[in-house]
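A closer look at the structure
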Amino acid sequence: MSDPVFPTPDPTPTVTPPTDPTQGFRWVPIRSLSERHRPRVLTHLLSLEPHDRYLRFGYAANDAQIGRYVDLLDFHRDEVFGIFNSRLQLVAVAHLARLPGTAPGGQGRAMEFGVSVLPEGRGKGLGMRLFKHAMVHARNQHASHMMIHALTENAPMLHIAAKAGAVIERDGPEAEAWLKLPPDNF
């Protein structure tokens, strides 16, 4: 039996840049955060400007309220992820919380997604990357849906939800987005 013949690779491969630079891949490490990261999560959230706190929490959260929120994070039940900058500061944080009960239509479980990105990290797709990461994590936790509760003026968050295919329902100043997760696959 003869050996198969493989073509010889070209010693000078060419790289074709994408026509749309926003479509190029840039690796952004997303880190699962744990109890030991609680102080960094607090620092991240406290560094948000007042309007950003309002958009993230749905109300004008003061330092004490943010401190209570961080104190109550359950790193065993929920998932908290982050993206660090080169100075090891959290520039983006996502919280994926298990919701009690079942998803709409009584099918499966649902998880709620919340995210904050510091000004230095905006416009780079970090929120969308965290959302996609959360989708995979939620699916791996056997959730059938993800939910986002946001103010209707939180255009970036609602854009992320709409782009992912979520159904968005607006009710006055608030909006709720529900995303049916794709089925498990390899």
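Up top you'll find the structure we're talking about.
Residues numbered from 1 in each chain as written. Predicted model: local features only at pLDDT ≥ 70, side-chain atom pairs only at ≥ 80, totals over all residues. Heavy atoms only, no water.

**Looking at the packing of helix α4 (residues 126-140) against helix α5 (residues 155-164)**
The test is simple: The axes are straight lines fitted to the C-alpha atoms, using for helices just the contacting stretch, and the angles between their N-to-C directions are given from 0 to 180°. In this text, helices come from DSSP runs of H or I with a minimum length of four residues, and strands from runs of E with a minimum of two, each type numbered from the N-terminal end. Orientation labels follow simple angle bins: below 35 degrees gives roughly parallel, above 145 gives roughly antiparallel, 65 to 115 gives roughly perpendicular, and whatever is left gives oblique. For a crossing to be left-handed, the near helix must be turned anticlockwise from the far one by less than a right angle; the clockwise case is right-handed. By definition, residues are in contact when any of their heavy atoms lie within 4.5 Å. Residues were grouped as follows: Ala, Val, Leu, Ile, Met, Phe, Trp, Tyr, Cys and Pro as nonpolar; Asp, Glu, Lys and Arg as charged; and all remaining residues, including Gly, as polar.
Interhelical geometry of α4 versus α5 gives an angle of 50° and a closest axis separation of 10 Å. When the axis of α4 is compared with that of α5, the two are oblique. In this structure, α4 meets α5 at a crossing whose hand is right-handed. Here Gly127, Met128, Phe131 and Met135 of α4 come into contact with α5, specifically with Ile160, Lys163 and Ala164. Class assignment of the residues belonging to the contact of α4 with α5 gives a composition of 5 nonpolar, 1 polar and 1 charged.

**Here's the deal with the environment of Ala164**
Let me state the cut-off plainly: Each residue's exposure class comes from its accessible area (1.4 Å probe, protein chains only) as a fraction of the maximum for that residue type: buried when under 20%, exposed when over 50%, partly exposed otherwise.
Tracing the chain through its elements places Ala164 in helix α5. Overall, the relative accessible area of 26% leaves Ala164 in the partly exposed class. Between the C-alpha atom of Ala164 and that of Leu179, which follows or precedes it by 15 residues, the distance is 7.6 Å.

**A word on α4**
Formally: What a helix should span is 1.5 Å times the count of its residues minus one.
Taking 1.5 Å of rise per residue, 15 residues should cover 21 Å, and α4 covers 21 Å from first to last C-alpha, within 8% of that figure. Within α4, the full set of buried residues consists of Leu126, Gly127, Met128, Leu130, Phe131, Ala134, Met135, His137, Ala138 and Arg139. The secondary structure elements touched by the buried residues of α4 are β2 (79-84), β3 (90-98), β4 (109-117), β5 (143-151), α5 and β7 (174-180). Downstream of α4 by a residue or two, His142 has a phi angle that is positive, lying close to 70°.

**A word on the pairing of β5**
Threshold: In this analysis, strands are considered paired if DSSP registers two or more bridges between them. By definition, the crossover connecting two strands over a helix is right-handed if that path, from the first strand to the second, turns clockwise as seen with the strands pointing away from the viewer.
With 8 of 9 residues buried, β5 lies mostly within the body of the structure. One ladder, built from 4 bridges, connects β4 with β5; its direction is parallel. By the bridge assignment for β5, Glu112 is matched with Met147. Crossover connection from β4 via α4 to parallel β5: handedness right-handed. As paired elements, β5 and β7 share 7 bridges and run antiparallel to each other.

**Overview of the packing of aromatic side chains**
Aromatic ring pairs: the centre-centre distance and the angle between the two ring planes describe each pair. Cut-off, in case you're wondering: Aromatic pairs are defined between Phe, Tyr and Trp rings, using the six-membered ring for Trp, whenever the two ring centres lie within 6.5 Å; interplanar angles under 30 degrees are classed as stacked, those over 60 as edge-to-face, and all others as tilted.
Scanning the model with the defined rule gives 3 aromatic pairs in all. Aromatic pair Phe57 and Tyr69: ring centres 5.1 Å apart, planes at 75°, arrangement edge-to-face. Pair noted here: Phe57 is in helix α2 (residues 50-57) and Tyr69 is in helix α3 (residues 63-71), with a separation of 12 residues, a long-range link. When its relative accessible area of 22% is taken as the criterion, Tyr69 is described as partly exposed.

**Comments concerning the side chain of Asn85**
Stated precisely, the cut-off is as follows: Polar contacts, as counted here, are pairs of nitrogen or oxygen atoms within 3.5 Å of one another; within protein the pair requires one atom able to donate a hydrogen and one able to accept it, and residues that are adjacent in sequence qualify only if both atoms are side-chain atoms.
Mapped onto the secondary structure, Asn85 falls in the loop between β2 and β3. Among the polar contacts made by the side chain of Asn85, one reaches the side chain of Glu120 at a distance of 3.0 Å. Not counting residues up to four positions away in its chain, the partners in contact with Asn85 are Val91 and Glu120.

**Concerning the sheet that holds strand β6 (residues 167-171)**
Within a beta sheet, neighbouring strands are joined by backbone hydrogen bonds and run either parallel or antiparallel to one another. Ordered in space as β1-β2-β3-β4-β5-β7-β6, the 7 strands form an open sheet in which the pairing is mixed. With one partner strand each, in any of the chains shown, β1 (31-32) and β6 form the two edges of the open sheet. Pairing geometry for β3 and β4, over 7 bridges, is antiparallel. Bridge pairing in β4 places Ala92 opposite Val117. Along the sheet face, α2 touches β3, β4 and β5 and points at about 175° away from the line of β4.

**Structural notes on the pattern of salt bridges**
The cut-off we apply is this: Between Lys or Arg on one side and Asp or Glu on the other, a salt bridge is scored when a side-chain nitrogen of the former is within 4 Å of a carboxyl oxygen of the latter.
Going through the model one piece at a time under the given rule, you end up with 5 salt bridges. Between Asp63 and Arg53 there is a salt bridge whose closest N-O contact spans 2.8 Å. Pair noted here: Asp63 is in helix α3 and Arg53 is in helix α2, with a separation of 10 residues, a long-range link. We note a salt bridge from Arg77 to Asp78, for which the minimum N-O separation is 2.7 Å.

In short, the description is geometric, and any link to function would need to be established separately.
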